[in-house]
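Working through the structure, step by step
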Amino acid sequence: MANHDNKTRKHSEHEHHAHEEYGPYSHNGHEQHNYHENSNHEGHGHHGHHGHGDMVNDFKKRFYVSLIVTIPILILSPMIQSFIGVDWQFPYTQYILFGLATFIFFYGGWPFISGGISELKDKNPGMMTLIGLAILVAYVYSSLTVFGLAGKDFFWELATLIDIMLLGHWIEMRSVIGASNALEELVKLMPNEAHKLDENDEVRDVPVSDLKNKDRVLVKPGEKIPVDGTITDGKSAIDESMLTGESVPVEKNKGDEVIGGSVNKEGSLTIQVEKTGEDSYLSQVITLVKEAQESKSRTQDITNRAAKWLFYVALAAGFITLFIWLILGYSFDVALERMVTVMVITCPHALGLAAPLVIAVSTSISAKHGLLIRNRASFEGARNLNAVVFDKTGTLTKGEFEVTNIVPNEGYKEEEVLNWAASLEQNSEHPIATGIVKSAKDKKIKFKKITDFESIIGKGIQGIIDGKKVNVVSPGYVTSQNMGYDEQLFNEMSEEGKTVVFVLLDDKLAGMIALADIVRETAKEAIAALKENGIHSIMLTGDNKKVANWVAKQLDIDEVYAEVLPDKKADQVRKIKEKGWKVAMTGDGVNDAPALATADLGIAIGAGTDVAMETADIVLVKSNPKDVVSLIDLSRKTYRKMIQNLWWATGYNILAIPLAAGVLAPVGIVLSPAVGAVLMSLSTVIVAINAKLLKA
């Protein structure tokens, strides 16, 4: 996006001219925002290669159907019958068992078989591979015992393992929000059609894809701008919040550049097309996001990592068991049965529920606290964060103007100055006007009636109120009229990033009103809490250094990077990561996407754009920066609970695998499948209870 730098630079400069009627006053509120799309949704866990939405219903259906078919398998299983002391055998029982188990294996077990194949193709075995191995070994061996091989079948183990794993995946997938539609959301920002003007200024609607450089298009009030270009006629306020996250509309005139996807608020504009297709700003954001998605390393959640090791343990332990029993002189049938028992036991049923149950509880707790977890692996990683990077406008600040100071001239009161200004501004939609009017309403000031309202370009606005001529003007206008004012105080307020306007009554100065983008109280608390946790806080903003440093000083932020162009934000995050730090990025606009994709954890502010919410790992629904601290705390607690559950799920394996392998066979102790089943059930119950004990 280097070729967009000049545009962005010009853009940023232009935005400091907040309100064209007021001329160039020190509006420093602008900040470019970058958006995360962690669209590396590998993080959705071991079902990453499956889709989401319909997959939840698919797993639910497979679970219920498999569960129903499991009931006759349990009833007909000789192992279960001997365990409860009954004999319900009849001719061809084993063939009925084989038929039912074959159905469950191919219907219920197919997601795991196909998932395991995908993981092996990627040379990255995980949960799917472990489950696939266990059910494949159990099915093939049990089928061979039906058709002549000496040994006991494992059909009941196969069926219950598939049931519990389907249940676990269903719970997990239901708990986690669907995969990101980030790129589709970005593409949706662009309109499909444009009003093209021909040589005779006749309007013809054409597809945006047909537009070429130097074509002219008409954009009516309320419409989206279809392409990047330059205004050749007209003036308007342009809402770029969907692209930049900046809540303040930007005044644009003839000769100014506009970005495709932004919204024309007021006047009609004629725009000359400058960039189309892949050269456009939005296309470049999409490209950067794609690159960040592809380069982001494949993260695996903790259950996948545990499953990966268990897969290798299952293979190693199984073959070692087979060879040792053969070396000791036992028949191949006996050695094979031991091998299969070891391999099936290595995939504990409880493992299928260990993480999903914790995730379900954790997701429920987080939702109540206004945290939406979209990427589980990244959420788990939040416990290791070293630094949190915050965007400024809309994240640390409210993203809207509020009156901070009213400085009346001699003979006037604060309320009086505000009343004249608000009465004049009451019909304007401009953010500065909105801030002044809101302040007056909050103070329950009654507005005066206005007549003869007019906007004077480069000077400000004026009108007649109660027979007096009232102006709200820029510092430039006051200076040009050689009006005296407190320049030291004005400079102090400007240094703090405040926008200052002057109120005139009958061409005499009544006072100054300063407005600023107010720092959120919750942001102060969030930064303080991060410091207590030993986490570095960093501000990354497109705004100028003075404003950024003023906000940082108020918040006690450790580090500030100001005047960073949108496409350079990702580079800055990369540099911070190069220190070996785990970095989270918090923001609320589309062009934060590459930076958020680059960070280890992307956090979207809920009041931000749809694209942001579609693309983040975590969404803060309440738009409260303090929730960043809450999610780190919840991540740590969730991780601890998962580790406990994994120990409960696999702990019995430490005992069961050697016994199943026959370590104590010389003294007559071999783990029977029935005892294995009891241990399995016990660990599953403990895992379920332990997950429920998770508290926020």
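The numbers attached to residues start from 1 for each chain and follow its sequence in the written order. This being a predicted model, a pLDDT of at least 70 is required before a residue's local features are given, and a value of 80 or more before pairs of side-chain atoms are given or counted; all residues contribute to the totals for chains, interfaces and linings. By convention in this description, side-chain values take in all heavy atoms of the structure and omit both hydrogens and water.

A few points about unusual backbone geometry
The condition that has to hold: Categorising residues by exposure relies on relative accessible area from a 1.4 Å probe, with only protein chains included: less than 20% of the type maximum marks a residue as buried, more than 50% marks it as exposed, and the intermediate range marks it as partly exposed.
Within the chain, Asp507 stands out as a residue other than glycine whose phi angle is a positive 65°. Given the relative accessible area of 39%, Asp507 is considered partly exposed. A positive phi angle, close to 55°, is found at Glu563, a residue other than glycine. Take Glu563: its relative accessible area is 46%, and that puts it in the partly exposed class.

Description of the packing of aromatic side chains
Spelled out, the test is: Under the pairing criterion, centres of Phe, Tyr and Trp rings, with the six-membered ring standing for Trp, must be within 6.5 Å; the plane angle then separates stacked pairs below 30 degrees from edge-to-face pairs above 60, leaving the rest tilted. Each helix is a run of H or I in the DSSP string that is no shorter than four residues. Each strand is a run of E no shorter than two, and both are numbered from the N terminus. Placement of a positive charge over a ring is assigned whenever Lys NZ or Arg CZ falls within 6 Å of the ring centre and within 35 degrees of the normal to the ring plane.
Under the defined criterion, the tally for this structure stands at 20 aromatic pairs. Taking the centre distance of 5.1 Å and the plane angle of 85° together, the rings of Phe98 and Phe147 count as edge-to-face. With Phe98 in helix α4 (residues 93–107) and Phe147 in the loop between α6 (127–146) and α7 (155–175), this residue pair connects regions lying 49 residues apart in the sequence. Given the relative accessible area of 54%, Phe147 is considered exposed. An angle of 80° between the planes, with centres 5.7 Å apart, marks the rings of Tyr485 and Phe490 as edge-to-face. Judged by its relative accessible area of 11%, Phe490 falls in the buried class. In this structure an aromatic cluster arises from ring pairing among Tyr92, Tyr95, Phe98, Phe105, Phe106, Tyr139 and Phe147. One residue, Lys448, lies across the ring of Trp420, its end atom 4.7 Å from the ring centre.

Things to note about the environment of Lys546
Counting through the fold element by element, Lys546 comes out in helix α21 (residues 545–555). For Lys546, a relative accessible area of 48% translates into the label partly exposed. When the C-alpha positions of Lys546 and Ser494 are compared, they lie 9.0 Å apart, and in sequence the two are 52 residues distant.

Regarding the pairing of strand β18 (residues 536–540)
Our working definition: Strands are treated as partners if at least two bridges between them are detected by DSSP. Handedness of a crossover is defined as follows: with both strands directed away from the viewer, a clockwise route from the first strand across the helix to the second makes it right-handed.
With four of five residues buried, β18 is to be regarded as a mostly interior element. By the bridge criterion, four bridges tie strand β11 (residues 387–390) to β18 in an arrangement that is parallel. Bridging across to β18, Phe390 finds its partner in Met539. Two strands pair when backbone bridges link them, and β18 and strand β19 (residues 559–561) are joined in this way by three bridges, in the parallel orientation. Its bridge partner lying in β19, Leu540 is registered against Tyr561. Handedness of the crossover is the feature at issue here: the chain leaves β18, passes through α21, returns alongside β19, and the resulting connection is right-handed.

Side note on the packing of α4 against helix α5 (residues 110–121)
Applicable threshold: Angles shown run from 0 to 180 degrees and are taken between the N-to-C directions of axes, each axis being a line fitted to C-alpha atoms and, for helices, limited to the stretch in contact. Angles are sorted into four bins: roughly parallel if under 35 degrees, roughly antiparallel if over 145, roughly perpendicular if 65 to 115, and oblique for all others. Contact between two residues is taken to exist if any of their heavy atoms lie within 4.5 Å; hydrogens are not considered.
Two elements in contact, α4 and α5, have axes whose closest approach is 5 Å; the angle formed by their N-to-C orientations is 45°. In this view, α4 runs oblique relative to α5, as classed from their interaxial angle. Contact residues: Phe105, Phe106 and Tyr107 in α4; Trp110, Pro111 and Ile113 in α5.

Some points on the packing of helix α13 (residues 351–368) against helix α25 (residues 627–661)
Rules: By convention the crossing between two helices is left-handed if the near helix lies anticlockwise of the far one by an angle smaller than a right angle, and right-handed if it lies clockwise. Residues were grouped as follows: Ala, Val, Leu, Ile, Met, Phe, Trp, Tyr, Cys and Pro as nonpolar; Asp, Glu, Lys and Arg as charged; and all remaining residues, including Gly, as polar.
Close contact between α13 and α25 brings their axes to 8 Å; oriented N to C, the two are set at 160°. Viewed along their axes, α13 and α25 adopt a mutual orientation that is roughly antiparallel. Here the hand of the crossing between α13 and α25 comes out right-handed. Residues Leu351, Ala354, Ala355, Val358, Ile359, Ser362, Ile365 and Ser366 of α13 pack against Leu634, Thr638, Lys641, Met642, Asn645, Leu646, Ala649 and Thr650 of α25. Here the residues of the contact of α13 with α25 are counted per class, giving ten nonpolar, five polar and one charged.

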